[in-house]
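Read off the chains here:
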Amino acid sequence: MNIIELVKHILTDYPKITEFTNEINIDFTDDTHTNFGLSSVGDNLVKEDILGNQVRQHNFVLYALNQSYTNYDRLANSTFLLDLAYWLEQYKNEDPIEVTINNKTVSGKLLGLSSANAMLYMVPTGDINDGVTYQIQIYARYYLESEGL
Amino acid sequence: MAEVTGKIARKWMAHFIDAGTTGTANYVRLGTDLEEYTVEMNANVNTTQNILGEASTIIDGYEPQSSVEPYYAVVGDPLYERLQKIADERLTHDALKTTVVEVHLWEEDPAESGSFVAYREDAIIEVVSYGGDTSGVQIPFNIHHVGNRVKGTFDVGTKTFTEN
């Protein structure tokens, strides 16, 4: 399971996710309400120790189309994103991952999750009654063992 | 072990420290979480100038020292247990003695696969502080090399040093 699959799995396991969505797509958001899309937007090296072990960060943006007819809807949506941000920050499981680099399988583990810019992103049709798209940027820090690098 | 050619990557110079406390060597590799690890030579340089204005410089010794920072405490790591004991019991003198081994992983012993050219030296552990920030319990320490440097080979599988 690579870091993208792992983060999708973690989000799917978020206890309140069903209050907000039914399915998380990858790099795609359907135009129906309560639909989520998880976009991977880059991976970068944070630091490397003298053994060659790496700490890396993978960046995601989670887009969600949701109804926003009333202030109540919008407050509920923002509260959901706030709760999700707290939950991500508190997620402490060092889940194992496995990636393939230059035909070598490298093992590692998740170090932590954080998020930013959880907000209303756009009104797709221009009519707020058709639903709006929210976004939350998610950062996953992970560790790769030097063996195989 | 991959054959090393050209510029030597940092990971091919390995540094081990004996974390054992029972008289049997228990070598642990240093480097996890360290983005840099440098052995400072601290040469003892004496420069004199005669009445003709000529300078004479001699180096009559070294006081090598290195700093391991950060070092994160990991339960079950023998080095952590030794450092914690030093901090807890405020150990001094002989209780701080150990040995360190520098291994050239790019110089494999042609006679024995998995063994590499290495140098072992006596050393003293100086725990600098303990505690640290919210990233985890840290016990940064210094290693003072005190001499008795010998050349040999180091078996990375069994983590044993054999003097030449």
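These figures come from a predicted structure and were not determined experimentally. (Residues numbered from 1 in each chain as written. Chains lettered and ligands numbered in written order. Predicted model: local features only at pLDDT ≥ 70, side-chain atom pairs only at ≥ 80, totals over all residues.)

1. Digging into the overall build of chain A
- Assigned secondary structure in chain A consists of two helices and six strands.
- Reading chain A from its N terminus to its C terminus gives the helix and strand order α-β-β-β-α-β-β-β.
- Classification of the 149 residues of chain A by burial places 28% in the buried group. (Helix = DSSP H or I, 4+ residues; strand = E, 2+ residues; numbered from the N terminus. Buried ≥ 20, exposed ≤ 12 C-beta atoms within 10 Å, placed from the backbone.)

2. Thoughts on the overall build of chain B
- Summing up its helical and strand segments, chain B has one helix and ten strands in all.
- When its helices and strands are written in sequence order, chain B yields β-β-β-β-β-β-α-β-β-β-β.
- C-alpha atoms of chain B, sized along the principal axes, occupy 65 × 45 × 30 Å.
- Relative to its full complement of 164 residues, chain B shows a buried share of 19%.
- Sequence-distant contacts, at least 24 apart, represent 54% of the contacts inside chain B between residues at least 6 apart. (Contact = placed C-beta atoms within 7 Å.)

3. Some details on the confidence of the model for chain A
- Scored by pLDDT, chain A has a mean of 86; 88% of the residues are at 70 or more.
- When mean pLDDT is taken per element in chain A, strand β6 (residues 132–144) of chain A scores highest with 93 and strand β1 (residues 23–26) of chain A scores lowest with 57. (pLDDT = per-residue confidence, 0-100.)

4. A closer look at unusual backbone geometry
Residues and elements named next belong to chain B.
- With omega at 10°, the peptide bond leading from Glu-69 into Pro-70 counts as cis.
- Within the secondary structure, Pro-70 is located in the loop between β6 (65–68) and α1 (78–89).
- At Asn-42, a residue that is not glycine, the phi angle is positive and equals roughly 45°.
- Inspection of the secondary structure assignment puts Asn-42 in the loop between β3 (39–40) and β4 (43–49).
- At Arg-90, a position not held by glycine, the phi torsion is positive, near 50°.
- Along the polypeptide, Arg-90 turns up in the loop between α1 and β7 (97–108).
- Under the C-beta neighbour-count criterion, Arg-90 is labelled exposed, with 8 such atoms within 10 Å.

5. Concerning the interface of chain B and chain A
- On the side of chain A, eight residues touch chain B, which itself brings nine residues to the contact.
- Residue composition of the side of chain B that touches chain A, grouped by class: two nonpolar, two polar and five charged. (Nonpolar A, V, L, I, M, F, W, Y, C, P; charged D, E, K, R; others polar.)

6. Regarding the nonpolar core
- Ranked by size, the top nonpolar core spans 25 residues in total, and within it Val7(A), Leu62(A), Ile138(A) and Ala140(A) carry the most contacts.
- For this core, the elements supplying multiple residues, two or more each, are α1 (3–12), β2 (35–48), β3 (54–66), α2 (71–90), β5 (104–122) and β6 of chain A.
- Looking at this core element by element, the count peaks at seven residues for β6(A).
- Non-local contacts of Val7(A), meaning those with residues more than four positions away in its chain, are made with Phe60(A), Ile138(A) and Ala140(A).
- Of all hydrophobic cores here, the second largest spans 21 residues; its members include Leu30(B), Val68(B), Val101(B) and Val103(B). (Core = buried A, V, L, I, M, F, W, Y, C linked by C-beta atoms within 7 Å.)

7. A short note on α1(B)
Residues and elements named next belong to chain B.
- End to end, α1 covers 16 Å across twelve residues, agreeing with the expected 16 Å (1.5 Å per residue, within 8%).
- When α1 is considered as a whole, its buried residues turn out to be Leu-79, Arg-82 and Leu-83. With its buried residues spanning 95° around the axis, α1 presents them on a single face. Turned more than 90 degrees away from the buried face of α1, the exposed residues are Asp-88 and Glu-89.
- Among the structural elements, β1 (13–18), β2 (27–30), β8 (115–127) and β9 (141–155) are those in contact with the buried residues of α1. (Expected span 1.5 Å × (residues − 1). Arc of directions from axis to C-beta.)

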